[in-house]
Amino acid sequence: MRLVLLGSPGAGKGTQCKHIAAQYGLLHLSSGDILRNQRAEGTNLGKKAQKFMDSGVLVPDELVIEMMAKAIKKVPAAGFILDGFPRTLNQAIELDKSLGRNGQKIDAILNLNVDDKVVAKRMTGRRSCPQCGAVYHIENLKPKVDSICDRCGTALLQRPDDSQQVVAQRLKTYHQQTEPLVDYYKHNSNFFDIDADREPDEVSALIFEKLDALAKCEA
Ligand code: AP5
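Residues numbered from 1 in each chain as written. Predicted model: local features only at pLDDT ≥ 70, side-chain atom pairs only at ≥ 80, totals over all residues. Heavy atoms only, no water.

Visitor: Please clarify how the overall build of the protein chain should be interpreted in this entry.
Guide: A count of helices and strands for the protein chain gives 9 helices and 7 strands. The C-alpha radius of gyration computed for the protein chain amounts to 17 Å, which stays within 12% of the reference 17 Å derived for 219 residues, consistent with globular compactness. Its C-alpha atoms give the protein chain principal-axis dimensions of roughly 45 × 40 × 30 Å. Looking at the protein chain residue by residue over its 219 residues, the buried ones come to 44%. Contacts spanning at least 24 positions in sequence make up 68% of the contacts within the protein chain whose residues lie at least 6 apart. Of the roughly 11,700 Å² of accessible surface on the protein chain, a fraction of 51% belongs to carbon and sulfur atoms. (Helix = DSSP H or I, 4+ residues; strand = E, 2+ residues; numbered from the N terminus. Rg over C-alpha atoms; globule rule 2.2 N^0.38 Å. Buried < 20%, exposed > 50% of the residue type's maximum accessible area, 1.4 Å probe, protein only. Contact = heavy atoms within 4.5 Å. Areas by Shrake-Rupley, 256 points an atom, 1.4 Å probe, with all protein chains shown as cover.)

Written out as structure tokens, the structure reads:
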């Protein structure tokens, strides 16, 4: 299965992609995580991306498209779920073209819907583990020991782009440049709007229902 997960910043894409990847044996490819790894490793791409990410605007298409094309080449037969990519019309068109060259296509698009006020709270309260990537929230998903990762014991951090000011810019960027992708994809018969203003497990259940039905149809 080749899936795209759309949704505003903080809609829960990363959280849901982890569940979907585990349930269906897919590779979770997050453009944001790949960019943050590039920054941590101090690569040229990471250095170029830094100022865009920290100010809440998109990294230029040419950098992201090449980076994701490389990542997609390494995908196992079971398929992938894309998180945070595509994020512009140009990225979506290039993704379709590059899959098409190999006789492939996106099988389903899931669009997580949550109000801006809810996602702003989710992002400013998010804490992440810099070591293993686990994600927590200061109210909704607390670690057992305050500010310490349950999985690996590392001190949790707030992402630099989760400050109130940058969150406001990220939401603006989303509405201007990424939300139009809904129009690009909604004619696909496997485009699904998902109510993501629910408990994480309930959101997963809604997604699994759609994907299980799709898998049955195609079997
Ligand atoms: P990226 O890392 O992709 O960030 P984003 O899209 O802004 O998404 P987030 O990671 O903030 O949120 P999420 O939807 O994954 O939510 P999460 O599950 O963590 O991108 C960062 C930057 O990189 C961009 O601004 C841009 O500069 C650059 N970039 C990346 N991709 C690019 C591209 N394709 N083109 C150009 N530039 C690109 O959840 C958030 C919080 O809410 C967590 O604390 C979680 O525990 C909590 N939570 C999750 N679900 C629920 C729920 N159902 N109920 C309550 N709380 C919940």
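Visitor: In this structure, what is going on with helix H9 (residues 200-218)? I would like to understand it.
Guide: An α-helix turns once every 3.6 residues. As a result, residues three or four positions apart point the same way. The terminal C-alpha atoms of H9, which comprises 19 residues, lie 27 Å apart, in line with the 27 Å expected from a rise of 1.5 Å per residue. The complete set of buried residues in H9 reads Val 203, Ser 204, Ile 207, Phe 208, Leu 211 and Leu 214. One face of H9 carries all of its buried residues, which in axial projection span an arc of 130°. Those residues of H9 that are exposed and aimed more than 90 degrees away from the buried face are Asp 201, Glu 209, Lys 216 and Cys 217. (Expected span 1.5 Å × (residues − 1). Arc of directions from axis to C-beta.)

Visitor: I would appreciate a short explanation of the environment of Leu 26 in the present structure.
Guide: By the element assignment, Leu 26 lies in the loop between helix H1 (13-24) and strand S2 (27-30). Classification of Leu 26 as buried rests on a relative accessible area of 9%. On a C-alpha basis, the gap between Leu 26 and Asp 212 in space is 14 Å, while along the polypeptide they are 186 residues apart. The residues contacting Leu 26, other than those within four sequence positions of it, are Met 1, Leu 3, Ile 20, Ala 21, Ala 78, Gly 79, Phe 80 and Ile 81.

Visitor: Please explain the layout of surface pockets as it appears in this structure.
Guide: It is the rolling of a water-molecule-sized probe over the atoms that shows where space remains empty. Its volume calculated, the second largest pocket comes out at about 280 Å³. Contributing elements (two or more residues each) for the lining of the second largest pocket: helix H4 (61-73) and helix H5 (89-101). Its residues assigned to classes, the lining of the second largest pocket shows 7 nonpolar, 4 polar and 3 charged. (1 Å grid on protein atoms, 1.4 Å probe; cavity = no way out; pocket = protein on both sides within 12 Å on 5 of 7 lines; lining within 4 Å. Points joined across faces, edges and corners; volume = space filled by probe spheres on them. Nonpolar A, V, L, I, M, F, W, Y, C, P; charged D, E, K, R; others polar.)

Visitor: It is not clear to me how the site of the ligand should be interpreted in this structure. Could you clarify?
Guide: The immediate surroundings of the ligand are formed by 35 residues, with Thr 15, Val 57, Arg 87, Arg 126 and Arg 170 found nearest. Separating an oxygen atom of the ligand from a side-chain N or O atom of Arg 126 is a distance of 2.6 Å. Contact between the ligand and Arg 198: a nitrogen atom at 2.7 Å from a main-chain N or O atom of the residue. Taking 1,000 Å² as the accessible area of the ligand by itself, protein coverage stands at 95%. Broken down by secondary-structure element, the contributors of at least two residues to the shell around the ligand are H1, helix H2 (31-41) and strand S6 (135-137). A total of 4 residues in the shell around the ligand trace back to one element, the largest contributor, which is H2. Grouping the constituent residues of the shell around the ligand by class yields 14 nonpolar, 11 polar and 10 charged. (Near = heavy atom within 4 Å. Polar contact = N/O pair within 3.5 Å; in protein donor to acceptor, adjacent residues only side chain to side chain.)

These values are about where atoms sit, not about what they do.
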